[in-house]
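One-letter residues, chain by chain:
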Amino acid sequence: MSRRRTALLAIPAAALLALVPTTASAYPGPGRVTGSVVTHDPTMIRTASGQYQLYATGGGISSKTSSDRTAFAAGADAFGTRPSWWSRYSSVPEAWAPDISYHGGKYLMYYSVSKFGTNTSAIGLAGSATGQPGSWSDYGIVYTSSSSSDYNAIDPNLFVDDGRWWLSFGSWWTGVKMIRIDPSTGKQHASDTARRSLASRPSGTKAVEAPYIVKRNGYYYLFASYDTCCAGTGSTYKIKVGRATSVTGPYYDRNGVSMMNNGGTPVLESHGSVIGPGGQSILKDVDGDLLVYHYYDANDNGTPKLGLNLLDWSSGWPVAY
C-alpha cells in the first residue's frame with residue numbers, strides 16, 4: 001500500500017481526475033493483509049500505542065489486532081459475556097456491524113442486534129477505557145425498530161461535529177436515518193428526537209445500508225453500501241458516496257442526484273476476484289484516510305475477507321487506490 005501511495009503522490013493533481021474509475025477493471029485491489037483476514041463489517045481504530053484494533057460482525061463482536069496494518073491476529077470477543085437483552089432481538093444471539101471511536105478519554109462502540117432480513121432490531125452501546133476485548137461495559141439499548149417500522153435500527157455510525165453528536169444507521173426499508181445523540185449519555189438527545197432521512201431508494205430495490213460519515217474539505221461525505229450482501233460470490237454489494245454542506249443533508253452524488261432518490265457515486269465495486277465490497281468504515285490514519293471493508297474472495301469460495309485501501313480526495317471526491 002505504501003508503494004501505491006508514493007506513486008500516486010507523484011502524479012499532478014489535475015491528472016487524478018483520470019483515476020476516477022469508469023469501469024470495474026479500473027478499481028484497485030485491496031492492500032496486502034495477512035494472517036487472520038476473514039471478517040465482515042469491519043471497524044478499526046489506531047490506539048495511542050499504535051496498535052490497530054479491529055472489531056467486526058459475529059459472536060460477542062469478534063476482534064483482530066495488528067501492529068503494522070498488514071499482519072492481523074484474531075483476538076477474543078469484545079464481550080466475554082453477551083448482554084442478556086440481545087436475546088430479545090437475536091436468537092443466536094450475536095452482534096453485527098460495530099462502530100468504534102474514541103471520545104472524551106473513552107472508547108465507544110455502537111453495534112447492532114437483529115435477525116437477518118428482519119427489522120425487529122436494536123442498536124446498543126458499550127464503552128471501554130482501553131478498547132481491548134473483554135474490557136467493554138455495555139450501556140444498553142440506544143434505538144430500536146420493530147416489524148411495524150419503516151426503517152431498520154442496524155449499522156450504526158457515530159459522527160461528532162463541533163461538539164454535536166449524530167448517529168446514522170439503517171438498512172433497506174426506507175433507507176438510511178439519523179438521530180441526534182447526547183454526548184453525556186451516548187443515547188438520543190432528549191430535546192431533539194427527530195429521525196431524519198439521509199439516503200433511500202424509492203424505486204426498484206430498497207438496498208442501501210451501512211452509513212458512514214466523514215467531513216473533508218468543507219463537505220460532509222456519506223458513504224453507504226448498496227445492493228445485496230452476504231451471498232458469497234453472488235453478492236452485488238458496492239460502496240457509494242454523496243456529499244452535503246450540512247451533516248443532516250441533503251446529500252448529492254457527483255452527478256447532482258440526491259441520495260434520497262437512488263443517488264450515489266461509486267467508490268468501490270466488484271472487480272476481478274473481489275466480489276461485493278461493502279460494510280465499510282473510514283480510519284483517519286497517519287498516512288491518510290483508510291477505507292476498511294469486507295469483500296467476498298472469488299478465489300476462495302466466496303469467503304469474506306478484510307479489504308483496505310487508502311483514499312485520495314484531490315478531485316473533491318474519494319478515490320480508492
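Thresholds applied
Residues numbered from 1 in each chain as written. Predicted model: local features only at pLDDT ≥ 70, side-chain atom pairs only at ≥ 80, totals over all residues. Heavy atoms only, no water. Phe/Tyr/Trp six-rings, centres within 6.5 Å; stacked < 30°, edge-to-face > 60°. Helix = DSSP H or I, 4+ residues; strand = E, 2+ residues; numbered from the N terminus. Buried < 20%, exposed > 50% of the residue type's maximum accessible area, 1.4 Å probe, protein only. Core = buried A, V, L, I, M, F, W, Y, C linked by side-chain atoms within 4.5 Å. Pairing = 2+ DSSP bridges. Axes fitted to C-alpha atoms, helices over the stretch in contact; angles between N-to-C directions.

A. View of the packing of aromatic side chains. Summed over the entire model, instances satisfying the criterion amount to 16 aromatic pairs. Aromatic pair Tyr 221 and Trp 313: ring centres 4.7 Å apart, planes at 65°, arrangement edge-to-face. Within this pair, whereas Tyr 221 is found in strand β16 (residues 219-226), its partner Trp 313 is found in the loop between β21 (303-312) and β22 (319-320), the two being separated by 92 residues in sequence. The pair formed by Tyr 221 and Trp 313 is uniform in burial state, with each residue classed as buried. Ring plane angle 85° and centroid distance 6.3 Å describe the contact between Phe 223 and Trp 313, whose orientation is recorded as edge-to-face. Taken together, the positions of Phe 223 in strand β16 and Trp 313 in the loop between β21 and β22 put the pair 90 residues apart, joining distant regions of the chain. On the basis of relative accessible area, Phe 223 is assigned to the buried category, the value being 0%. Of the aromatic side chains, those joined through ring pairs into one cluster are Phe 79, Trp 85, Trp 86, Tyr 89 and Tyr 111.

B. Representation of the nonpolar core within the structure. Core analysis: the biggest nonpolar cluster contains 18 residues, and Phe 223, Leu 291 and Leu 311 have the highest contact counts within it. Considering each element in turn, this core owes the most residues, three residues, to strand β20 (residues 288-297). Core analysis: the next-biggest nonpolar cluster, separate from the first, contains 17 residues, Ile 61, Tyr 89, Ile 100 and Ala 126 among them.

C. Fine view of the sheet that holds strand β15 (residues 208-216). As summarised here, the arrangement of the four strands in space is β15-β16-β17-β18, forming an open sheet in which the pairing is antiparallel. Each of the sheet's edge strands pairs with one partner strand only, and the pair in question is β15 and β18 (265-268). Recorded for the sheet is a direction-independent mean angle of 30° between the axes of neighbouring strands. Pairing geometry for β16 and strand β17 (residues 238-244), over seven bridges, is antiparallel.

D. Layout of the pairing of strand β4 (residues 62-66). Sheet analysis places strand β3 (residues 52-56) next to β4, joined by five bridges and oriented antiparallel. Paired with Tyr 52 across the two strands is Ser 66, which belongs to β4. Taking the residues that link successive antiparallel strands as the turn, the β3-β4 hairpin has five residues, and the phi of Gly 58 there is positive, at about 120°. When β4 meets strand β5 (residues 71-75), the two strands line up antiparallel, connected through three bridges. Bridging across to β5, Thr 65 finds its partner in Ala 73. Linking β4 back to β5 in an antiparallel pair, the connection comprises four residues, with Arg 69 at a positive phi of about 70°.

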